[in-house]
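The residues making up each chain are set out below.
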Amino acid sequence: MILEEERAALCDHARRLAPDGLVVGTSGNLSIRDGALIAVTPTGVPYESLRPADIPIVDLSGAVIEGELKPTSELPMHLAVYHHATDPDGAPISAVVHTHSAHATAVSTLVDEVPPIHYMLATIGRSARVAPYATYGTSTLATAILPALHSRRGCLLANHGTLTYGSTLAAAYDRARQLEWLCQVWLLARSAGTPALLPGEEIERVVEKLRGYGQG
């Protein structure tokens, strides 16, 4: 079985989606790219029963190379990221996470960008834009996300959810959780009054600081 480790990692993270509040049921999808091959979650399979053998492997055109199950209906969106998105720091894009998290979806109906309520917005970039609505699983949606992802590591999808990417699945998944948390904080603050927001120059300062964050 090719990409066995990648398939197992997708199963592990897919099982976390619902407990982490990022999806309901079988919504959302994940993928990992290794060279010219992509492991991607299948469509309509309960995550709690997902096994590595259930994970389809596709090539960069979307053709199934190995696996019996159909890939996620959002495969065009994943392929668009791998073909056309560019990490702000030039890091490789090796994983994509798409969620239907409630707070981020709510925020996507209210604003064009996630308000800078907290400096962790910088994990996405200088801002997190909202891509315009398009029907799920379509090439129109796959095209619509690209301007929102320009120089960013994630975005909201209007009336739909979120998309994040990373050089590892763990990084992409963490950004999806951070984006949902940011949206939750803003909605909580907004429900109580008018939130104080951080200036753009502070977010840019943190973007620079995060480049040296961690143990290297």
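For clarity, every value in this text was computed on a predicted model and none was experimentally measured.

(A) Local environment of the environment of Tyr82. Along the chain, the position of Tyr82 falls in helix α2 (residues 75-84). Judged by its relative accessible area of 7%, Tyr82 falls in the buried class. In the structure, Tyr82 is positioned 49 residues away from Arg33 in sequence and 8.0 Å away in space, judged by C-alpha atoms. Discounting residues that sit within four places of it in the chain, Tyr82 has contacts with Ser31, Ile32, Arg33, Ile38, Ile93, Ser94, Ala95 and Val96. A distance of 3.4 Å separates the side chain of Tyr82 from the backbone nitrogen of Val96, its partner in a polar contact.

(B) Main features of the UniProt feature "domain: Class II aldolase/adducin N-terminal" (unreviewed entry) in the protein. UniProt feature "domain: Class II aldolase/adducin N-terminal" (unreviewed entry): in the numbering of this structure it lies at residues 8-187. Counted over residues 8-187, helix gives 32% and strand 18%. Its end C-alpha atoms are 35 Å apart.

(C) Representation of the sheet that holds strand β1 (residues 29-34) in the model. The mixed open sheet is built from eight strands, whose spatial order is β4-β3-β2-β1-β5-β8-β7-β6. Two strands lie at the open edges of the sheet, namely β4 (64-66) and β6 (130-131), each paired on one side alone. Pairing of strand β3 (residues 57-59) with β4, which is carried by two bridges, proceeds in the antiparallel orientation. Within β4, the position partnered with Ile57 by the bridge is Glu66. Against the sheet, helix α5 (residues 169-192) engages β1, β5 (95-99), β7 (154-157) and β8 (161-166), with an angle of about 145° to β8.

(D) Summary view of the packing of helix α1 (residues 4-17) against α5. Packing of α1 against α5 brings their axes to within 11 Å, and their N-to-C directions diverge by 10°. With respect to α5, the element α1 is oriented roughly parallel. Taking contact as the criterion, the partners of Ala9, Leu10, His13, Arg16 and Leu17 in α1 are, on α5, Leu169, Ala170, Tyr173 and Arg177. Broken down by class, the residue content of the contact of α1 with α5 amounts to six nonpolar, one polar and two charged.

(E) Quick peek at the environment of Ser167. Examined against the element boundaries, Ser167 turns out to sit in the loop between β8 and α5. A relative accessible area of 37% places Ser167 in the partly exposed class. Along the primary structure Ser167 and Ala95 are separated by 72 residues, whereas in three dimensions their C-alpha atoms are 6.3 Å apart. In contact with Ser167, not counting residues within four places along its chain, are Pro92 and Ser94.

(F) Up close: α2. A large share of α2 lies buried, amounting to seven of its ten residues. Buried within α2 are the following residues: Leu75, Met77, His78, Leu79, Ala80, Val81 and Tyr82.

(G) Up close: unusual backbone geometry. In the Ramachandran plot, Leu3 falls in the positive-phi region, its phi being about 50° despite a non-glycine side chain. Mapped onto the secondary structure, Leu3 falls in the segment before α1. The phi torsion at Ser151 lies on the positive side, around 60°, for a residue other than glycine. With respect to the helices and strands, the residue Ser151 is situated in the loop between α4 (139-149) and β7. Exposure remark for Ser151: the relative accessible area of 32% places this residue in the partly exposed category.

Quick notes on the rules
Residues numbered from 1 in each chain as written. Predicted model: local features only at pLDDT ≥ 70, side-chain atom pairs only at ≥ 80, totals over all residues. Heavy atoms only, no water. Helix = DSSP H or I, 4+ residues; strand = E, 2+ residues; numbered from the N terminus. Buried < 20%, exposed > 50% of the residue type's maximum accessible area, 1.4 Å probe, protein only. Contact = heavy atoms within 4.5 Å. Polar contact = N/O pair within 3.5 Å; in protein donor to acceptor, adjacent residues only side chain to side chain. UniProt positions renumbered as here; feature names shortened; annotations may be inferred. Pairing = 2+ DSSP bridges. Axes fitted to C-alpha atoms, helices over the stretch in contact; angles between N-to-C directions. Parallel < 35°, antiparallel > 145°, perpendicular 65-115°, else oblique. Nonpolar A, V, L, I, M, F, W, Y, C, P; charged D, E, K, R; others polar.

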